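These are the residues of each chain, in order.
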Amino acid sequence: MKNSITIYSFFLFFLGFSSIALVQGQDKKMEKAAENYEQLDYVNAQKIYLEVAEKGHQSEELFTKLANSFYFNAQYDQAVKWYGRLFELNPEPENDIVYLRFSQALKATGNTDEASNYYDTFTAKSGLKSGRNARNYADLIQQNSGRYEMEALAKVYDEEKISFGYFKSGNTLYYASTSDTKTFLNKRSAWDGLSFLSLYSIELDSLNQALGHSEKLTGTLNSKYHESSPVFTADNNTMYFTRSNITAKNRKDDQKLKIYRSQKVNNKWQEAEELSINSDHFSSAHPALSPNGTKLYFSSDRPGGFGESDLYVSTINTDGSIGEPINLGPEINTRGKETFPFVSADHELYFSSDGHFGLGGLDVFYIKIKNDGFGNLLNVGAPINTYADDFAFGIDQSTHRGFISSNRSETGNTFVYDNIYTFLETAPIIDLYFAQIEGYVTDKQTELPLEGATIVLTDSNNKIYKQVRTNGEGFYTVETDKFETYFVKVSKESYDSDEYLSKPNLEHQRIDFQLQTNEVALVPGTDLAKVLNIPIIYFDFDKSNIRKDAQVELEKVLAVLNQYPNLRLEIRSHTDSRGNDAYNKGLSQRRATSTLNYLVENGIPESRLQAVGFGESKLVNNCSNGVPCSADEHQKNRRSEFIIIE
């Protein structure tokens with residue numbers, strides 16, 4: 001590698017409303033709480049479950065519901081208690097997800113060893129394989145390689161001089177070069193011994209082949225030190241570019257870089273002004289503009305970044321002032337160097353980095369700029385990227401032609417001075433990480449869609465990845481990283497939350513949710529069985545005596561009746577269509593009466609209760625006499641209801 005490569009390792013290296021809303025939200029909560037207290041008009045499922053469990057009653061459903069309710073509200077100590085009770089009752093619960101939730105609750109309370117055991121059991125039961133282990137970066141880069149035809153830019157390429165740049169305006173390419181043999185007072189750059197970088201232009205044909213010879217930009221744009229990386233506004237009347245710090249008062253600051261701006265008046269570039277985002281104590285360099293010219297992207301090593309140099313963006317205000325720089329974040333910036341941003345007409349950000357996995361040195365990366373953030377980060381592959389430093393990428397989306405600069409050698413894996421290459425993109429980049437998760441959220445009892453349910457995806461580091469809401473049809477869709485596993489959690493007011501672990505390595509997967517209501521208004525016609533998850537009070541075959549497992553379900557109803565002493569219920573029992581109609585009606589009446597008697601025996605006045613057996617007269621589907629139906633379809637008709645009548 002030539003000593004002059006140090007120019008790259010240095011110069012190119014840098015190159016009130018919320019508080020009101022909160023108060024309003026608190027006021028609404030207080031109003032709602034006061035209203036509930038005064039009217040006693042709702043029942044909360046968690047309180048009922050807790051009361052039943054603390055009386056000593058046990059069931060897998062009871063403990064799971066309780067543990068989940070605490071887990072989803074981040075009350076992990078209580079979640080651990082009730083998940084523990086669940087596993088004591090049944091060491092192998094039916095739903096594998098409780099292993100994962102118990103593991104997370106244990107981890108949150110400091111029980112890391114036990115948490116690991118339950119997590120290992122969960123992964124074994126679910127057959128989960130780590131998507132990260134399947135991600136082969138070299139293979140992914142290979143899949144996006146071979147999409148470019150490229151060659152050195154004739155009449156500019158020179159292994160004895162440095163040239164780099166990527167901005168094309170019309171038929172003119174603007175770039176930086178050390179081509180000038182005349183230096184200020186015969187001085188040369190202390191970085192490489194060559195002349196200082198200056199701004200040049202060269203005319204091109206429609207295939208980006210050079211016409212004529214390079215010309216140095218005249219006027220005040222070129223100073224006695226370095227200038228590089230010019231970029232122009234759409235009307236070509238404003239130029240942003242990088243320049244050495246020529247105003248430094250201290251010698252240690254004179255090698256810092258700054259971004260300047262020049263206006264064209266009467267076809268002449270005016271004296272360049274220094275931007276407000278600059279400082280004598282750090283570098284800002286290599287500007288790029290958004291398609292509409294309202295955003296300025298650049299590289300800087302200012303304090304507070306993630307690595308040696310980061311990418312930032314500032315708003316260009318209508319009066320020309322520059323807004324505060326915003327770091328583009330850890331999806332883009334690393335502990336290494338991120339530099340030379342370029343934003344295409346399609347809002348695609350290209351930049352160079354040595355902090356992301358690449359082929360060597362600086363590689364060019366791609367990421368889509370979206371309204372809510374960024375897409376997936378992709379290496380553009382070979383031959384744009386090589387063993388060397390590859391940077392200053394720019395492309396015209398209409399012609400798919402562009403430029404890349406590199407210190408690669410044409411003769412092998414050696415290094416030369418930076419030079420400009422022209423390329424043709426022959427195929428679009430493939431988003432190898434793209435995947436989608438979609439599904440519907442419905443009410444478990446009514447099967448109606450739930451609009452406005454919140455879907456939150458959390459990654460393996462327990463950080464929120466994305467958040468969306470269901471539409472009027474209860475539908476949601478979210479773009480994800482194909483190789484990642486996400487915790488997909490759905491929540492909605494007055495419903496139990498639910499969670500599902502997505503699977504990696506799938507481009508599309510559907511995850512539907514049926515949410516159980518946990519709070520209902522105590523108004524006539526309301527069925528307590530729905531909020532308390534009592535689809536049926538089980539009896540032994542052809543019997544009407546209350547079984548022990550049914551007692552747990554009736555304790556839920558008993559707790560509500562005790563909590564609301566003026567509440568009156570009609571107990572309804574239903575059968576399926578199998579068997580004699582008259583017999584089914586009689587059997588259902590006996591079972592409804594047995595249910596009533598149990599509640600009376602436990603202190604509820606009989607005057608508050610009614611018992612009605614409907615037999616098979618109120619089927620919820622078409623499984624009537626003589627109609628062939630599955631066991632599951634018949635099961636829907638065998639149900640218990642506890643209807644509020646007053």
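Since we're looking at a predicted model, the values are computed, not measured.

Remarks on the environment of alanine 582
So, point 1. Mapped onto the elements of the fold, alanine 582 is located in helix H12 (residues 581–601).
So, point 2. When the C-alpha atoms of alanine 582 and glycine 615 are compared, they prove to be 7.8 Å apart, with 33 residues separating the residues in sequence.

Thoughts on helix H6 (residues 97–108)
So, point 1. Between its first and last C-alpha atoms H6 spans 17 Å; for 12 residues at 1.5 Å apiece the expected length is 16 Å, and the two agree.
So, point 2. For H6, the tally of buried residues reaches 9 of 12 residues, placing the bulk of the element in the interior.
So, point 3. Structurally, H6 contributes buried residues whose contacts are with helix H4 (60–72), helix H5 (76–89), helix H7 (112–126), strand S28 (487–491) and strand S29 (498–501).

Re the pairing of strand S23 (residues 412–425)
So, point 1. The element S23 is extensively covered by neighbouring structure, given that 10 of its 14 residues are classed as buried.
So, point 2. As paired elements, strand S2 (residues 148–152) and S23 share 5 bridges and run antiparallel to each other. For glutamate 149, the partnering residue across the bridge sits in S23 and is leucine 424.
So, point 3. Summarising the sheet, strand S22 (residues 401–409) and S23 pair through 8 bridges and their orientation is antiparallel. Paired with arginine 401 across the bridge in S23 is leucine 424.
So, point 4. Counting the residues in the hairpin turn of S22 and S23 gives 2 residues.

A short note on the pairing of strand S4 (residues 172–177)
So, point 1. For S4, the buried fraction is high: 6 of the 6 residues fall into the buried class.
So, point 2. Sheet topology note: the strand S3 (residues 163–169)/S4 ladder contains 5 bridges and is antiparallel. If you follow phenylalanine 167 over to S4, its bridge partner there is tyrosine 174.
So, point 3. Connecting S3 to the antiparallel partner S4 that follows it, the hairpin turn spans 2 residues, and glycine 170 within it adopts a positive phi of roughly 65°.
So, point 4. Pairing of S4 with strand S5 (residues 198–204) involves 6 bridges; the strand directions are antiparallel. Pairing of serine 177 across the sheet is with serine 198, part of S5.

Comments concerning the packing of helix H11 (residues 548–563) against H12
So, point 1. Interaxial distance between H11 and H12 falls to 10 Å at its minimum, and their mutual angle equals 55°. Taken as axis vectors, H11 and H12 run oblique relative to one another. Judged by the twist between their axes, the crossing of H11 over H12 is right-handed. On the side of H11, the interface is formed by Gln551, Leu554, Glu555, Val557, Leu558 and Leu561, while H12 contributes Thr595, Tyr598 and Leu599.
So, point 2. Partitioning the contact of H11 with H12 into residue classes produces 6 nonpolar, 2 polar and 1 charged.

Concerning the state of the cysteines
So, point 1. Across all of its chains, the model carries 1 disulfide by this definition.
So, point 2. The disulfide that involves cysteine 623 links it to cysteine 629, with 2.1 Å between the sulfurs. The chirality of the disulfide connecting cysteine 623 with cysteine 629 is left-handed, given an S-S dihedral of about -105°.
So, point 3. Given the relative accessible area of 22%, cysteine 629 is considered partly exposed.

Details of the sheet that holds S23
So, point 1. Here 4 strands make up an open sheet; going across it, the order is S2-S23-S22-S21 and the pairing antiparallel. Edge positions in the sheet fall to S2 and strand S21 (390–396), since each of these pairs with one other strand and no more. Averaged over neighbouring strand pairs, the angle between their axes works out to 25° when direction is ignored.
So, point 2. Pairing analysis gives 5 bridges linking S21 to S22, with the strands arranged antiparallel.

Focus on the side chain of glutamate 641
So, point 1. Tracing the backbone through its elements, the reader meets glutamate 641 in strand S35 (residues 640–644).
So, point 2. A distance of 2.8 Å separates polar atoms of two side chains, one belonging to glutamate 641 and the other to histidine 574.
So, point 3. Ignoring sequence-local partners within four residues, the contact set of glutamate 641 consists of Asp527, Ala529, Glu570, Ile571, Arg572 and His574.

Details of the packing of aromatic side chains
The relation between two aromatic rings is expressed through the spacing of the ring centres and the mutual angle of the planes.
So, point 1. Evaluation of the coordinates by the stated rule reveals 33 aromatic pairs.
So, point 2. Ring centres of tyrosine 99 and tyrosine 118 lie 6.4 Å apart, and the angle between their planes is 40°; on these two criteria the pair is classed as tilted. Residue tyrosine 99 is located in helix H6, and its partner tyrosine 118 is located in helix H7; the two are separated by 19 residues in the primary sequence.
So, point 3. The exposure class of tyrosine 99 is buried, given its relative accessible area of 3%.

With respect to unusual backbone geometry
So, point 1. Following alanine 382, the chain continues to proline 383 via a peptide bond in cis, the omega torsion being 5°.
So, point 2. Residue position: proline 383 is located in the loop between strand S20 (378–379) and S21.
So, point 3. We note that histidine 286 has phi near 60°; this positive angle belongs to a residue other than glycine.
So, point 4. Among the structural elements, histidine 286 can be located in strand S12 (residues 284–289).
So, point 5. Overall, histidine 286 belongs to the buried group, its relative accessible area being 0%.
So, point 6. With phi around 55°, alanine 392 is a residue other than glycine that occupies positive phi space.
So, point 7. Position of alanine 392 among the secondary structure elements: in strand S21.
So, point 8. Assessed through its relative accessible area of 0%, alanine 392 is described here as buried.

Conventions adopted
Residues numbered from 1 in each chain as written. Predicted model: local features only at pLDDT ≥ 70, side-chain atom pairs only at ≥ 80, totals over all residues. Heavy atoms only, no water. Helix = DSSP H or I, 4+ residues; strand = E, 2+ residues; numbered from the N terminus. Expected span 1.5 Å × (residues − 1). Buried < 20%, exposed > 50% of the residue type's maximum accessible area, 1.4 Å probe, protein only. Contact = heavy atoms within 4.5 Å. Pairing = 2+ DSSP bridges. Axes fitted to C-alpha atoms, helices over the stretch in contact; angles between N-to-C directions. Parallel < 35°, antiparallel > 145°, perpendicular 65-115°, else oblique. Left-handed = near helix turned anticlockwise from the far one by under 90°. Nonpolar A, V, L, I, M, F, W, Y, C, P; charged D, E, K, R; others polar. Disulfide = S-S within 2.5 Å. Polar contact = N/O pair within 3.5 Å; in protein donor to acceptor, adjacent residues only side chain to side chain. Phe/Tyr/Trp six-rings, centres within 6.5 Å; stacked < 30°, edge-to-face > 60°.

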